[in-house]
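# Tertiary structure, described
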Amino acid sequence: MSKTRIAFIGAGNMAASLIGGLRAKGLEAAQIRASDPGEETRARVSAEHGIETFADNAQAIDGANVVVLAVKPQAMKAVCEAIRPSLKPDQLVVSIAAGITCASMNNWLGAQPIVRCMPNTPALVRQGASGLFATAEVSAEQRQQAQELLSAVGIALWLNEEQQLDAVTAVSGSGPAYFFLLIEAMTAAGVKLGLPADIAAQLTLQTALGAAHMAVSSDVDAAELRRRVTSPAGTTEAAIKSFQANGFEALVEKALGAAAHRSAEMAEQLGQ
Ligand SMILES: NC(=O)C1=CN([C@@H]2O[C@H](COP(=O)(O)OP(=O)(O)OC[C@H]3O[C@@H](n4cnc5c(N)ncnc54)[C@H](OP(=O)(O)O)[C@@H]3O)[C@@H](O)[C@H]2O)C=CC1
Ligand SMILES: O=C(O)[C@@H]1CCC=N1
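Residues numbered from 1 in each chain as written. Chains lettered and ligands numbered in written order. Predicted model: local features only at pLDDT ≥ 70, side-chain atom pairs only at ≥ 80, totals over all residues. Heavy atoms only, no water.

What UniProt calls "domain: Pyrroline-5-carboxylate reductase catalytic N-terminal" (unreviewed entry) maps, in this numbering, to residues 5–99. As annotated, residues 5–99 has a helix share of 39% and a strand share of 20%, and its two end C-alpha atoms lie 26 Å apart. (UniProt positions renumbered as here; feature names shortened; annotations may be inferred. Helix = DSSP H or I, 4+ residues; strand = E, 2+ residues; numbered from the N terminus.)

Here is the structure:
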């Protein structure tokens, strides 16, 4: 990573998260470039991260070792076909687009080495979680470059089967939104129970942070940590029984199933 030059195609939410994490990790501004059609987006990313930005994707790609495709899945085909003539055979393409397969990208880009990955937005605070899959054309050195790119902003775990990325998308790609939804719902419930809004919000956020810290650092699993909070015939037991009587686990399974299904469906719809 010390000398790797990275070009981001698309400088929206996820690219900004990744760029912020890479800069915080110590990558020099000159090692990172980004292209985006939005003038305001380019100005914001340049101002926040000190990097050079371009309206023209080919200019950003020129001289990069790694080209990160960070556009919406719906834009992937057009972007890949447009950048194809600008790519050199040894440039690694890293895609973060949900539901766009390596086979589709190889159709659009030609025989380029591709790492497909699924990061998440906590990459902005270097607490991201990514799953990665490499095609056979990816060299050991390029695998290492992709590993370093994603692990600069959190954990990065390799998968043996590309299809598992649908599950990764359901668990960790979309996952931050589920926790934010829980935070919203707990804060609102706290207010309904009589707390001032700012106190309900602070208590909820610190509880989320504390629980995540405990779960990450503990040598027992989440089920045991939960048992330790749950006094017999106490308040937690009342809440957990209410959650479970209303089908909590089934609800979570169904929701993640919907996300994984949508990822696979997008591959079908957008991969042609
Ligand atoms: N958001 C998330 O939590 C996660 C998103 N992803 C994936 O990351 C990708 C990007 O998502 P996100 O950052 O949220 O989306 P954004 O819309 O925030 O960012 C995409 C950017 O790409 C720009 N763009 C559009 N067309 C082109 C083009 N031809 N060349 C260069 N740039 C272009 C867009 O500009 P404009 O708006 O003007 O069109 C926009 O600024 C998606 O594929 C998504 O599946 C993966 C994991 C998590
Ligand atoms: O909602 C989405 O489609 C993207 C992919 C994972 C998170 N956001």
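Once that is clear, we can look at the side chain of S130. Along the chain, S130 falls in strand β7 (residues 128–134). Overall, the relative accessible area of 6% leaves S130 in the buried class. Those residues in contact with S130 that sit more than four places away from it in its chain are M118, P119, L150, I155, A156 and L157. (Buried < 20%, exposed > 50% of the residue type's maximum accessible area, 1.4 Å probe, protein only. Contact = heavy atoms within 4.5 Å.)

Turning next to the domain arrangement of the protein. You can read the domains of the protein as domain 1 (6–160) and domain 2 (175–266). A straight line from the C-alpha centre of domain 1 to that of domain 2 covers 32 Å. (Domains from an automatic or database assignment.)

Soluble globular proteins: nonpolar side chains tend toward being buried together. In this structure, F8 and L149 are the most contacted members of the largest nonpolar core, which totals 32 residues. Per-element tally for this core: the top contributor is helix α1 (residues 13–25), with five residues. Each residue touching F8, except ones within four places of it in the same chain, is listed here: A15, L18, I19, L22, I32, R33, A34, S35, V68 and L149. L69, L87, A97 and M105 belong to the second largest nonpolar core, which has 29 residues in total. (Core = buried A, V, L, I, M, F, W, Y, C linked by side-chain atoms within 4.5 Å.)

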